[in-house]
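Secondary and tertiary structure notes
These are the residues of each chain, in order.
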Amino acid sequence: MAEAAPASETAAVPAPARNRVGRQVRVPKTAELVAAHLRRQIVRGELKPGDALPPESGLMEQFGISRPTLREAFRVLESESLITVRRGAHGGARVSAPDADVAARFAGLILEYRGATLGDIYRAAALIEPPCARQLAVKHTADDIKRLRDAVATEKAALDDPLALVDAQDAFHALLVELTGNQTLILLCGMLRNIIDRANASYTAAATDAETQKAQALKGHRAHVRLVGLIESGKADEVEKLWQRHISSADDVVNAAGPKTVLELID
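In short, a report on the structure.

**A look at the nonpolar core**
- Judged by nonpolar contacts, the single largest core of 31 residues is most densely connected at Leu 148, Phe 172, Leu 176, Leu 227, Ile 231 and Val 239.
- Mapped by element, the contributors of at least two residues to this core are helix H6 (118–138), helix H7 (142–157), helix H8 (162–178), helix H9 (183–206), helix H10 (210–233) and helix H11 (236–255).
- The element that contributes the greatest number of residues to this core is H6, accounting for nine residues.
- Once residues within four sequence positions are removed from consideration, Phe 172 is found in contact with Leu 148, Ala 151, Val 152, Glu 155, His 224, Leu 227, Val 228 and Trp 243.
- Leu 53, Leu 77, Val 85 and Ala 93 belong to the second largest nonpolar core, which has 20 residues in total.

Here is the structure:
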């Protein structure tokens, strides 16, 4: 016999949707309602990363559900990287922090399925990052400049290590957006940078002309150094134009690596 959803959870279906005449509404499964309840607690900070969820027996009693239903709810939350579950006598579920990389991987999967190109990704970054850099030129703190200078110093130390340099330069791009403090932009750019990072790493690993590759990396590093100086000087127009050119140049280099420029992110 199918389990009924707990009475306290049936209100999760909006009343207008339930009462709309002539329209079918899918009633969520009990496991989905339990997952939604726990998800809200995690997102609202009522359950914090590292916290252990109550024992299965306690949760089963709390929600009035069976063990299979509870484990189905756990699988939903595991797929969202909101909990980790260890099986066995000393196992249990623990809360994980929501991870932007999960969203980035899923976005990459959808973009690859749709046949998106690396050019698509770079053009999207070119629409978002230059205005962020401009904003920093208009308004920044001494600590912002220090963090940017530390980031370019990390790049300089990695100039002879191509893969480490890719990581350092991608981190600089991410920092520019992070310093705006806009959480929406940080998430969106984080998704784009995750995809670009993988493309850059693949291009770097496959490159056969070490001297050309090093020259391109050094050119990028110099652009980063110059950008920091312009931001510190408050030259907003120059900052935005420089960063627009820089991202477009990177797009040209990666796409020139081969005729097939569609995303290939699935391992």
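Next comes the rest of the account.
**Structural notes on the packing of helix H2 (residues 30–43) against helix H4 (residues 67–79)**
- Between H2 and H4, the shortest axis-to-axis distance is 8 Å and the interhelical angle comes to 55 degrees. Relative to H4, H2 is oriented oblique. Handedness of the crossing formed by H2 with H4: right-handed. Each of Thr 30, Ala 31, Val 34, Ala 35, Leu 38 and Arg 39 in H2 lies in contact with H4, whose residues at this interface are Thr 69, Leu 70, Glu 72, Ala 73, Phe 74, Val 76 and Leu 77.

**Things to note about the pattern of salt bridges**
- The tally for this structure, following the rule as stated, stands at 12 salt bridges.
- Between Arg 67 and Glu 56 there is a salt bridge whose closest N-O contact spans 2.8 Å. Placement of Arg 67 in helix H4 and of Glu 56 in helix H3 (residues 56–63) is noted, with a sequence separation of 11 residues between them.
- Of the residues examined, Arg 67 reaches a relative accessible area of 37% and is grouped as partly exposed.
- One salt bridge connects Arg 147 with Glu 178, and the closest N-O pair in it is separated by 2.8 Å. Of the two residues, Arg 147 is situated in helix H7 and Glu 178 in helix H8; the sequence distance between them amounts to 31 residues.
- Overall, the relative accessible area of 34% leaves Arg 147 in the partly exposed class.
- Connected through shared salt-bridge partners, Glu 56, Arg 67 and Arg 71 make up one network.

What counts and what doesn't
- Residues numbered from 1 in each chain as written.
- Predicted model: local features only at pLDDT ≥ 70, side-chain atom pairs only at ≥ 80, totals over all residues.
- Heavy atoms only, no water.
- Core = buried A, V, L, I, M, F, W, Y, C linked by side-chain atoms within 4.5 Å.
- Buried < 20%, exposed > 50% of the residue type's maximum accessible area, 1.4 Å probe, protein only.
- Helix = DSSP H or I, 4+ residues; strand = E, 2+ residues; numbered from the N terminus.
- Contact = heavy atoms within 4.5 Å.
- Axes fitted to C-alpha atoms, helices over the stretch in contact; angles between N-to-C directions.
- Parallel < 35°, antiparallel > 145°, perpendicular 65-115°, else oblique.
- Left-handed = near helix turned anticlockwise from the far one by under 90°.
- Salt bridge = Lys/Arg side-chain N within 4 Å of Asp/Glu carboxyl O.

These values are about where atoms sit, not about what they do.
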